[in-house]
Amino acid sequence: MQGSPPTLEQIRSAPKVLLHDHLDGGLRPTTVVELAAEHGYTGLPTTDPGELARWFVADEPRRDLVRYLEGFTHTVGVMQTTAALERVATECVEDLADDGIVYAEVRFAPELHTDHGLGLEEIVETVLSGFERGMAAAAKRGSPVVVRALLTAMRSAARSLEIAELAVRYRDAGVAGFDVAGPEAGYPPTRHLDAFQLVQRESFHATLHAGEAFGLPSIWEALQWCSAERLGHGVRIVDDISVADDGSVRLGRLASYVRDRRVPLELCPTSNVHTGAVPSLHEHPIGHLRRLQFRVTVNTDNRLMSGVTLSSEMLRLCETFGWGWDDLAWLSINAMKSAFYPFDDRLALINGVVKPGFASLTAQSAFRVSATLR
Ligand SMILES: [Zn+2]
């Protein structure tokens, strides 16, 4: 029994798991303004935090990845000192904990923070220290969260091998894996093959932005050449799924592989609408992929640019697809199963935190329904 539909407040109290969130896409608008003032960054479109928040989330969906990426010029612009990086990392963890997230992997590209002379190792150590500080603060407030970093290399640059080496070097200090991001068209994943091969040789973890705006070849290269364990987005896998007039569904070889092997899809519905990868939330393939039992996870991508939290994203999915607690629990367990976190620790969170948390919320909502019917 699904009970009454979840409210935003209830979803916020549920123990959720987030695998795809960018550090430079989740700053608080007030922090952007304050850091710009402190560090003499003059490029902001406005210094009013409210207006700035609205500027980041355009009223009309932008439906254009290039325009969407413009916001990062400003966030990255103010993240060029250790003080700024530490603050942003700490606040990120606090914000995720406030949203009821119990485990998160937050990614960032060290190479984007070197404009004022910071070294790559210094950048990684500073962000990890900010995460530690945020986790300590969250635990103290009674909302513990585990946050791990993913190091991202930029598709359009040539530093991926160096970033992969960096990720491996910090694997015991809070880095959980490696990723490649940036515009897909013209930059196939195989350009970074040596980096992925290094990660594989080191028995480390990799995810890869693939199949967001670009289609199946990008997903195929990510999985079969780069050995990515998860797909950042991967939403275009639907191009390999056909539905006949009688409703019967046929999966192509790649879609079958993705489902058979339980390859996690790090889906980011609102972000996909804003970048134009999908026309509307209602038309987002997440509903279809969930019905077909792909290993679906739901993610924020960029909380600032998309104006979302994981809870608000889940609420919108419930409203759009009629989902309830069972679906939200399924998504959260899927995400925890797919985390780059040791098996024992994953099990401990699934059985000790995620399942009991959702079971209790499901029972409460069923109780409310039966009390209403009585
Ligand atoms: Zn992303």
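Keep in mind the model is a prediction, meaning the values are calculated, not measured.

## Thoughts on the overall build of the chain
Here is step 1 of the chain: The number of helices and strands found in the chain is 16 helices and 10 strands.
Here is step 2 of the chain: In terms of C-alpha radius of gyration, the chain reaches 20 Å, essentially the compact-globule figure of 21 Å for 374 residues.
Here is step 3 of the chain: With respect to the three principal axes, the spread of C-alpha positions in the chain is 65 × 45 × 45 Å.
Here is step 4 of the chain: By the burial criterion, 46% of the 374 residues in the chain qualify as buried.
Here is step 5 of the chain: For the chain, the proportion of contacts with a sequence separation of at least 24, taken over those separated by at least 6, is 76%.

## Some points on the nonpolar core
Here is step 1 of the chain: In terms of nonpolar packing, the biggest core is built from 102 residues, with V17, V93, I101, Y103 and V145 touching the most fellow members.
Here is step 2 of the chain: With 8 residues, the top contributor of residues to this core is helix α5 (residues 82–98).
Here is step 3 of the chain: In contact with V145, not counting residues within four places along its chain, are V93, L96, A97, I101, V102, Y103, A104, M135 and A138.

## Side note on the environment of L8
Here is step 1 of the chain: Inspection of the secondary structure assignment puts L8 in helix α1 (residues 8–13).
Here is step 2 of the chain: Through-space distance from the C-alpha of L8 to that of L198 is 42 Å; in sequence the pair is 190 residues apart.
Here is step 3 of the chain: Those residues in contact with L8, other than ones at most four positions away along the chain, are S311, S312 and L315.

## Re the pairing of strand β5 (residues 207–210)
Looking along a regular strand, one sees the side chains alternate between the two faces of the sheet.
Here is step 1 of the chain: Of the two faces of β5, the one carrying T207 and H209 and the one carrying L208 and A210 are both buried.
Here is step 2 of the chain: The pairing of β5 with strand β6 (residues 230–233) spans 4 bridges and is classified as parallel. Across the sheet, the residue bridging to T207 is R230, located in β6.

## Some points on helix α9 (residues 216–224)
Here is step 1 of the chain: All of the buried residues along α9 are S218, I219, E221, A222 and L223.
Here is step 2 of the chain: Next to the buried residues of α9 lie β5, β6 and α10 (253–260).

## Quick notes on the packing of helix α2 (residues 29–38) against helix α3 (residues 49–56)
Helix-helix packing is described using two parameters, namely the angle between the two axes and the distance between the axes.
Here is step 1 of the chain: Where α2 contacts α3, the two axes come as close as 8 Å, and the packing angle between them is 110°. Taken together, the axes of α2 and α3 lie roughly perpendicular to each other. Once α2 is placed against α3, the crossing between them reads as right-handed. Facing α2, whose interface residues are P29, T30, V32 and V33, α3 presents P49, L52 and A53.
Here is step 2 of the chain: Across the contact of α2 with α3, the residue classes tally to 6 nonpolar, 1 polar and no charged.

## Concerning the sheet that holds strand β1 (residues 16–22)
Here is step 1 of the chain: Strand order in the open sheet made by the 4 strands is β1-β2-β3-β4, with parallel pairing throughout. Since the sheet does not close on itself, it has two edges, and those belong to β1 and β4 (175–181), each with one partner. The sheet shows a mean angle of 20° between the axes of neighbouring strands, direction not considered.
Here is step 2 of the chain: With 5 bridges connecting them, β1 and strand β2 (residues 101–108) associate as parallel partners. Across the sheet, D21 pairs through a bridge with V106, a residue of β2.
Here is step 3 of the chain: Against the sheet, α5 touches β1, β2 and β3 (146–154), its axis set at about 145° to β2.
Here is step 4 of the chain: Here helix α6 (residues 120–140) sits on the sheet and contacts β2 and β3; the angle it forms with β3, its principal contact strand, is near 155°.

## Points about helix α8 (residues 193–201)
Here is step 1 of the chain: Taken together, the buried positions of α8 are A195, F196 and V199. End-on, the buried residues of α8 take up no more than an arc of 95°, which puts them together on one face. Set apart from the buried face of α8 by more than 90 degrees, the exposed residues are D194 and R201.
Here is step 2 of the chain: At its buried positions, α8 is contacted by β3, α7 (160–169) and β4.

## Things to note about unusual backbone geometry
Here is step 1 of the chain: For R262, which is not glycine, the phi torsion reads 55° and is therefore positive.
Here is step 2 of the chain: Mapped onto the elements, R262 comes out in the loop between α10 and β9 (265–267).
Here is step 3 of the chain: Given 12 C-beta atoms within 10 Å, R262 falls into the exposed group.
Here is step 4 of the chain: The backbone phi angle of D301 is positive, close to 65°, even though this residue is not glycine.
Here is step 5 of the chain: For D301, a count of 27 C-beta atoms within 10 Å puts it in the buried group.

## A closer look at the sheet that holds strand β10 (residues 296–298)
Here is step 1 of the chain: Reading across from one edge, β5-β6-β9-β10 is the order of the 4 strands in this open sheet, with parallel pairing throughout. One side of each edge strand has no neighbouring strand; the edge strands of this open sheet are β5 and β10. Taking the axes of each pair of neighbouring strands and ignoring which way they run, one obtains an average angle of 30° across the sheet.

## Describing the environment of L35
Here is step 1 of the chain: With respect to the element layout, L35 can be found in helix α2.
Here is step 2 of the chain: Distance from L35 to D194, taken between C-alpha atoms, is 37 Å for residues 159 residues apart in sequence.

## Let's talk about the packing of α5 against α6
Here is step 1 of the chain: In the contact formed by α5 and α6, the axes pass within 7 Å of each other and the chain directions differ by 35°. α5 and α6 meet at a crossing whose hand is right-handed. Residues T82, L85, E86, V88, A89, T90, C92, V93, E94 and A97 of α5 touch α6, and the partners they reach there are E122, I123, T126, V127, S129, G130, F131, R133, G134, M135, A137 and A138.
Here is step 2 of the chain: For the contact of α5 with α6, a count of residues per class yields 12 nonpolar, 6 polar and 4 charged.

## Some details on the environment of Q364
Here is step 1 of the chain: Tracing the sequence through the fold places Q364 in helix α16 (residues 343–373).
Here is step 2 of the chain: Considering only alpha carbons, one finds Q364 and Y187, 177 residues apart in sequence, at a separation of 49 Å.

Rules used throughout
- Residues numbered from 1 in each chain as written.
- Predicted model: local features only at pLDDT ≥ 70, side-chain atom pairs only at ≥ 80, totals over all residues.
- Helix = DSSP H or I, 4+ residues; strand = E, 2+ residues; numbered from the N terminus.
- Rg over C-alpha atoms; globule rule 2.2 N^0.38 Å.
- Buried ≥ 20, exposed ≤ 12 C-beta atoms within 10 Å, placed from the backbone.
- Contact = placed C-beta atoms within 7 Å.
- Core = buried A, V, L, I, M, F, W, Y, C linked by C-beta atoms within 7 Å.
- Pairing = 2+ DSSP bridges.
- Axes fitted to C-alpha atoms, helices over the stretch in contact; angles between N-to-C directions.
- Parallel < 35°, antiparallel > 145°, perpendicular 65-115°, else oblique.
- Left-handed = near helix turned anticlockwise from the far one by under 90°.
- Nonpolar A, V, L, I, M, F, W, Y, C, P; charged D, E, K, R; others polar.
- Arc of directions from axis to C-beta.

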